[in-house]
Amino acid sequence: MSNKGQNDVNALTAHKSIIDLWGEISPTTALICGSGWSDLGNLFTSLKSTNYREINGMTSTTVEGHNGVLTLCDVNQKQILIFQGRRHWYEGEGWGPIKLPVELAHLFGIKNLILTNAAGGINKDFKVGELMILNDHLNLMDGNPLIGPVSDDKMPRFPDQSCVYNTELRTIAMKAGEMSDLNLNEGVYAALNGPAFETPAEINALRILGADAVGMSTVPEAMIGNGFGMKVHAISFISNMAAGMTPNKLSHKDVENASKLAMPKIIKFFQCFLELIHK
Ligand code: HPA
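A. Just the site of the ligand, in detail. Taken together, Ala-118, Ala-119, Gly-120, Phe-197, Glu-198, Val-214, Gly-215, Met-216, Ser-239, Asn-240, Leu-250 and Val-255 make up all the residues around the ligand. Ala-118 is positioned with one of its backbone polar atoms (N or O) 3.3 Å from a nitrogen atom of the ligand. Taking Gly-120, its main chain carries an N or O atom lying 3.4 Å from a nitrogen atom of the ligand. Within the complex, 95% of the 260 Å² of free accessible area of the ligand lies under protein. Elements supplying a minimum of two residues to the shell around the ligand: strand 5 (112-121), strand 8 (213-215) and strand 9 (231-241). The element that contributes the greatest number of residues to the shell around the ligand is strand 5, accounting for 3 residues. Here the shell around the ligand is built from residues that sort into 7 nonpolar, 4 polar and 1 charged.

Below is the structure:
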């Protein structure tokens, strides 16, 4: 490594702390769970599990619906590292805590990075409770998590972003959708700062820009994972139709409740997806 930034020091500290707690591990896939997705951490045989508090440098989110637990699971004799809870830009602590799980995944030599979130549906064909596989994104957040010193030999100064979301993993997800009888949409995710939900005028503008769904996360982690050369995959749970598309007001409680209702079916799909990846 050369030209280390503060984040890398945090990542190295957290990495050492995990090895001290768990011993050597060799995960091939990392999964970062968004709002309402934490149940994914209980899907497979858990090998190890630790609260973020126990890991030096890792902090828990302040947002409801994110557990703050790191779990190592076994899927077909392959290890997956599950971050149950993510940090957000609107929490006001900068890019460091958001980037840390991806930097950790990189230090563990992880090849597949899977990101999940809850999002508002902008595409009029989508329905609440459906999933959308990301095929691209619009980064409309304040800045760019890649700004700053290039901290690792694997990270180019100017990463190519022609195909951030790996096509092979998208094909596998579609197959898992068919196998578990779940209708999957594909589309473009627009990432905004939050924490306020959008206005109806903003949603109309985002639709004209080409967005199918809107949320407040995922894109920073996808950009870092892509920069490190990981196979990145991301899935949005459509927890509500975006502002102005229905007469309903938006609330985080409704986002959480919608996830709770739909999760059992989604979990079946996810199990199938992870098993296909690790066949
Ligand atoms: N907008 C932004 N973020 C979200 C939404 C939304 O409508 N739903 C869930 N996360």
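B. Quick look at the packing of helix 3 (residues 167-179) against helix 6 (residues 252-277). Viewed as axis vectors pointing N to C, helix 3 and helix 6 meet at an angle of 135 degrees, and their least axial separation amounts to 8 Å. Between helix 3 and helix 6, the crossing angle belongs to the class labelled oblique. Along this stretch, helix 3 crosses helix 6, giving a crossing that reads as right-handed. Contacts between helix 3 and helix 6 pair Leu-169, Ile-172, Ala-173, Lys-175, Ala-176, Gly-177 and Met-179 from the former with Phe-269, Cys-272, Phe-273, Leu-276 and Ile-277 from the latter. A per-class count over the contact of helix 3 with helix 6 returns 10 nonpolar, 1 polar and 1 charged.

Analysis parameters
- Residues numbered from 1 in each chain as written.
- Predicted model: local features only at pLDDT ≥ 70, side-chain atom pairs only at ≥ 80, totals over all residues.
- Heavy atoms only, no water.
- Near = heavy atom within 4 Å.
- Polar contact = N/O pair within 3.5 Å; in protein donor to acceptor, adjacent residues only side chain to side chain.
- Areas by Shrake-Rupley, 256 points an atom, 1.4 Å probe, with all protein chains shown as cover.
- Helix = DSSP H or I, 4+ residues; strand = E, 2+ residues; numbered from the N terminus.
- Nonpolar A, V, L, I, M, F, W, Y, C, P; charged D, E, K, R; others polar.
- Axes fitted to C-alpha atoms, helices over the stretch in contact; angles between N-to-C directions.
- Parallel < 35°, antiparallel > 145°, perpendicular 65-115°, else oblique.
- Left-handed = near helix turned anticlockwise from the far one by under 90°.
- Contact = heavy atoms within 4.5 Å.

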